[in-house]
Structure formats: structure tokens, C-alpha cells
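Structure at a glance
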Amino acid sequence: MQKKRKLGTEKLSEFFRQFSVLISSGLPVPKALEIMETDETDKRFSIACRDLRLRMIDGMLIGDAMAATGCFPELAVQMIRSAEMGGHLGAATMRLSTHYEKEHRTEGKIHGAMLYPKILLLMMIFLIMFVFLAILPTLEPLLVDAELPFLTKVLMDMSHFLYEYRYFLPAAALILIAAWQFLITRPGIRRGYDRTLCFLPVIGRQVKIICTARFCENMSSLYSSGLPIPFCLKYTMGTIGNRYLDGKILEIMTQVRNGKLLSEAIRESGCFDKKLAAVIVTGEEAGCLDEMLRRLAENYEHEADLALAKLMNLLEPAMILLIGALTGFLILGIMEPIWNMYGSIGG
């Protein structure tokens with residue numbers, strides 16, 4: 001059986017908001033899903049609602065039905081199961097709607113922030129291809145009798161190679177992209193890549209702040225729905241976007257199950273922002289951990305926005321400097337033999 005794709009964060013937010021409003025107005029769950037099923041703007045959304053309704057008619061609980069459809073993330077499934085047992089389904093679904101709305105907004109900010117660096121990267125690739133496939137082959141006949149500097153020889157050899165295999169370049173680019181996408185999905189390679197991001201100078205701190213914000217938001221949503229701390233940690237794994245930190249969360253969960261306080265386990269892991277453990281211990285001592293997690297989530301949401309802005313402020317000038325250095329390198333390789341020719345003629 002083909003595995004169904006999960007709904008995106010935007011559709012998840014829309015689903016839980018509509019669902020919360022309908023069941024809070026007194027409608028039975030199957031009737032609410034039947035109304036939501038009539039949404040014709042998104043076929044996958046409509047199919048998910050119908051699948052969920054039919055499974056509930058067959059006698060499944062809503063949490064189990066959500067898990068069976070394969071369209072809902074584990075975090076949402078567990079929150080709904082806990083809400084069913086606690087009798088606060090309406091509040092839980094509205095909380096999920098807010099949670100996925102924030103997730104969608106964060107994803108949009110990240111994609112928007114990465115647009116400019118992607119454009120610069122494409123410009124750099126086109127610049128390189130234009131020089132090697134258009135300028136250098138045209139210039140080569142003029143330099144056939146000249147003594148070429150080492151840099152120019154290297155550029156000419158690269159130009160010959162690329163020009164000879166120019167028809168294979170698109171296929172080679174697609175193979176490289178596919179190879180990267182394959183490798184980055186391998187658990188060991190992805191874990192190493194994410195670990196490197198966390199320990200890069202300057203950038204590593206910003207990455208940790210963004211991941212800490214997601215950790216706090218997910219922990220707050222799960223804990224406020226009534227789940228015990230170890231289960232909250234279990235279902236938070238895989239939701240913060242960093243495999244290395246997922247492994248650290250697993251270690252924290254093991255320590256909490258062995259009787260250690262959450263704040264102590266987080267502090268000893270050393271993987272999240274240092275303020276996190278210090279604030280959580282206050283909530284543990286005061287007996288208001290759910291409220292403290294909620295405040296942490298709000299605070300780190302703001303800090304994550306600032307961290308993302310700092311990352312982009314670092315990345316954009318770095319890309320511009322790289323393009324400038326590459327352009328200077330190419331101009332030097334092209335112009336040096338011409339300057340030598342003019343010098344010889346002048347002499």
C-alpha cells in the first residue's frame with residue numbers, strides 16, 4: 001500500500017481550526033468532518049476528512065483514526081488522544097491550530113529568507129558557465145602564441161573540459177542534486193551534517209536558538225494537553241528539524257524516565273540554549289511548568305525570528321564576497337595574458 005503524504009502545516013492549521021469551531025458549536029464529530037469534507041479547494045484535505053470520518057463511523061476513536069489515515073503528524077495524534085481522555089477536545093484542537101499556524105509562518109520566513117541567497121548562487125553558477133563556455137573559447141585563438149600564466153592555463157583546461165562535455169552538464173547537475181538529496185536523508189550523514197551546523201562559529205548559536213524555539217513550542221503544546229514529560233519528549237523528537245538534537249532529546253528522555261528532573265537533564269545535555277534549563281527549573285520548583293513552557297515558547301519565538309534575521313545578515317554578505325572573489329579570480333586569469341601581450345608589444 002502506498003504511504004500517504006502528511007498534510008502540510010498550512011492545511012493542518014486550517015483543519016484543526018475548522019474542526020475546533022464546529023465541535024465547539026455542538027456538532028458531532030462525524031457531522032463536523034462531513035461539512036469539512038465539502039471543501040473543494042484541496043483534494044488531499046477533502047480525502048483526509050472523508051477517510052477520517054469513515055474510520056470513526058466504523059467505531060475508531062478520533063486519535064486512532066487520525067493515526068490510521070497517515071495524514072497527521074504524531075504530535076497531533078498524541079495530543080488528540082490525550083484530549084479525548086481528558087474531555088477537552090475543542091481546546092486541544094484550537095491549540096493545535098495555533099501551533100501549526102506558527103509552524104507555517106516559521107517555514108514561510110525560512111523559505112523567504114533563503115530566496116535571496118539562492119538567487120545569488122544561481123547567478124554565480126551562470127557566471128562561471130558563461131565564462132568557461134563563451135568567453136574563454138572565444139579568447140583562446142588570440143592567445144595561441146602567447147606564454148600563458150599558470151592561472152590562465154588552469155582556466156583554459158577547465159574550459160576545454162566543460163566545453164567538450166557541455167551537453168552532459170545538465171544531466172550531471174541533476175545527478176549531483178539527486179545524490180545530495182539521497183545522502184542527506186541517510187540518518188548518519190544527516191546527523192553529522194546537523195551536528196556540524198550546531199557547532200559552527202556564530203552560526204551554531206543561531207541554529208540552536210531556532211531549534212530551542214521549536215522544542216519549547218512543541219513541549220508546551222504536548223504538556224498542556226496532559227501528556228507526561230517523557231511522552232512529550234518522545235513526540236517532540238523529529239519535529240525540531242535537527243537529527244543531532246533529536247538524539248540529545250532521546251538522552252534527555254532516558255534520564256527523565258530514570259528520575260532526573262527535566263531541567264537537570266537539559267542542562268547536562270548542553271545541546272539547547274543555556275537559558276532554557278535555568279527557566280524550566282523555576283517552573284518545576286513553583287509547580288507551574290506548563291505556564292513556564294508556554295512563556296518560553298512565546299519568548300523563543302521572538303528570539304528565533306531575530307536568529308533567522310542574523311543568519312541571513314551573515315549569509316548574504318558572505319555570498320556577495322564569494323561572488324566578488326570568484327569574479328576577480330576569473331578576470332585576473334583572463335586579463336593577465338592580455339596585459340603581458342601589451343607589455344611585450346610596448347617593449
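Residues numbered from 1 in each chain as written. Predicted model: local features only at pLDDT ≥ 70, side-chain atom pairs only at ≥ 80, totals over all residues. Heavy atoms only, no water.

In terms of regular secondary structure, the protein is built from 15 helices and 0 strands. What you see for the protein is a C-alpha radius of gyration of 28 Å, clearly larger than the 20 Å of a compact globule of 347 residues, by over 25%. Projected onto the principal axes, the alpha-carbon positions of the protein cover approximately 95 × 50 × 30 Å. Evaluated residue by residue, the protein yields a buried proportion of 39% over its 347 residues. Of the roughly 19,300 Å² of accessible surface on the protein, a fraction of 64% belongs to carbon and sulfur atoms. Counting 38 positive and 37 negative side-chain charges, the protein places the averaged centre of each group 4 Å from the other. (Helix = DSSP H or I, 4+ residues; strand = E, 2+ residues; numbered from the N terminus. Rg over C-alpha atoms; globule rule 2.2 N^0.38 Å. Buried < 20%, exposed > 50% of the residue type's maximum accessible area, 1.4 Å probe, protein only. Areas by Shrake-Rupley, 256 points an atom, 1.4 Å probe, with all protein chains shown as cover. Lys, Arg positive; Asp, Glu negative; His and termini not counted. Charge placed at Lys NZ, Arg CZ, Asp CG, Glu CD.)

Under the definition given, this model contains 12 aromatic pairs. Its guanidinium or amino end placed over the ring of Phe 45, Lys 11 lies 5.6 Å from that ring's centre, counting from NZ or CZ. Here Arg 166 stacks its cationic end above the ring of Tyr 163, 4.0 Å away from the centre of that ring. (Phe/Tyr/Trp six-rings, centres within 6.5 Å; stacked < 30°, edge-to-face > 60°. Lys NZ or Arg CZ within 6 Å of the ring centre and 35° of its normal.)

So, on to the pattern of salt bridges. Pairing is possible between side chains of opposite charge, provided their charged atoms come close. What the rule picks out here adds up to 17 salt bridges. One salt bridge in this structure joins Arg 55 and Asp 51, with 2.9 Å as the shortest N-O distance. A residue pair is termed a helical-turn pair when its members lie 3 or 4 positions apart in one helix, as Arg 55 and Asp 51 do in helix α3 (residues 43–57) at 4 residues. Across the pair Asp 194 and Arg 190 runs a salt bridge whose closest N-O atoms are separated by 3.1 Å. Taken together, the residues span about one helical turn, with Asp 194 and Arg 190 both in helix α9 (residues 187–199) at a distance of 4 residues. In this structure Asp 194 comes out as buried when scored by relative accessible area, which is 1%. Accessibility expressed as a relative area gives 24% for Arg 190, which makes it partly exposed. In this structure, a network of salt bridges that share partners links the residues Lys 102, Arg 105, Glu 217 and Glu 301. (Salt bridge = Lys/Arg side-chain N within 4 Å of Asp/Glu carboxyl O.)

Compared with an ideal rise of 1.5 Å per residue, which puts 13 residues at 18 Å, helix α5 (residues 74–86) spans 18 Å between its outermost C-alpha atoms and is within 8% of the ideal. Residues Leu 75, Ala 76, Val 77, Gln 78, Met 79, Ile 80, Ser 82 and Ala 83 constitute the buried set of α5. Residues of α5 that are buried make contact with α1 (9–24), α4 (62–69), α6 (89–139), α10 (203–224) and α11 (229–236). (Expected span 1.5 Å × (residues − 1). Contact = heavy atoms within 4.5 Å.)

Relative to the helices and strands, Lys 208 is located in helix α10. Other than its neighbours up to four places away in sequence, Lys 208 contacts Cys 198, Phe 199, Gly 270 and Cys 271.

This next bit is on the nonpolar core. Formed by 72 residues in total, the largest nonpolar core has its most connected members in Phe 15, Phe 16, Phe 72, Phe 215, Leu 233 and Phe 272. When residues of this core are assigned to their parent elements, the largest contribution, 10 residues, is made by helix α15 (residues 289–346). Once residues lying within four places of it in the same chain are set aside, the contact partners of Phe 272 are Cys 211, Thr 212, Phe 215, Ile 240, Leu 245, Ile 249, Ile 252 and Ile 266. Counting 13 residues, the second-largest nonpolar core is a separate cluster that includes Phe 132, Leu 139, Leu 148 and Leu 155. (Core = buried A, V, L, I, M, F, W, Y, C linked by side-chain atoms within 4.5 Å.)

Taken together, Leu 121, Leu 122, Ile 125 and Phe 126 make up a surface patch of nonpolar side chains, about 400 Å² in accessible area. Following the sequence through the fold, Leu 121 ends up in helix α6. (Patch = residues over 30% accessible without salt bridge, like charges linked within 9 Å, V, L, I, M, F, W, Y side chains within 5 Å.)

As a further point, take the packing of α1 against α6. Helix-helix packing is characterised by the crossing angle of the two axes and by the distance between the axes. For the pair α1 and α6, the least separation of the axes is 8 Å and the interaxial angle reads 160°. Considered as vectors, α1 and α6 are oriented roughly antiparallel to each other. The two elements α1 and α6 meet at a crossing, and its hand is left-handed. Note on element contacts: α6 touches α1 through Leu 89, Gly 90, Thr 93, Met 94, Leu 96, Ser 97, Tyr 100, Glu 101, Glu 103, His 104 and Glu 107, opposite Thr 9, Glu 10, Leu 12, Ser 13, Phe 16, Arg 17, Phe 19, Ser 20, Val 21, Ile 23 and Ser 24. (Axes fitted to C-alpha atoms, helices over the stretch in contact; angles between N-to-C directions. Parallel < 35°, antiparallel > 145°, perpendicular 65-115°, else oblique. Left-handed = near helix turned anticlockwise from the far one by under 90°.)

Here we take up the environment of Thr 196. Mapped onto the secondary structure, Thr 196 falls in helix α9. Looking at Thr 196, the relative accessible area reads 46%, which means it is partly exposed. For Thr 196 and Tyr 244, which are 48 residues apart along the polypeptide, the C-alpha to C-alpha distance reads 9.1 Å.

This next bit is on the confidence of the model for the protein. Taken as a whole, the protein shows an average pLDDT of 84; of its residues, 96% reach a score of 70 or greater. Of all secondary-structure elements in the protein, the lowest mean pLDDT belongs to α15, at 80, while helix α12 (residues 243–257) reaches the highest, 91. (pLDDT = per-residue confidence, 0-100.)

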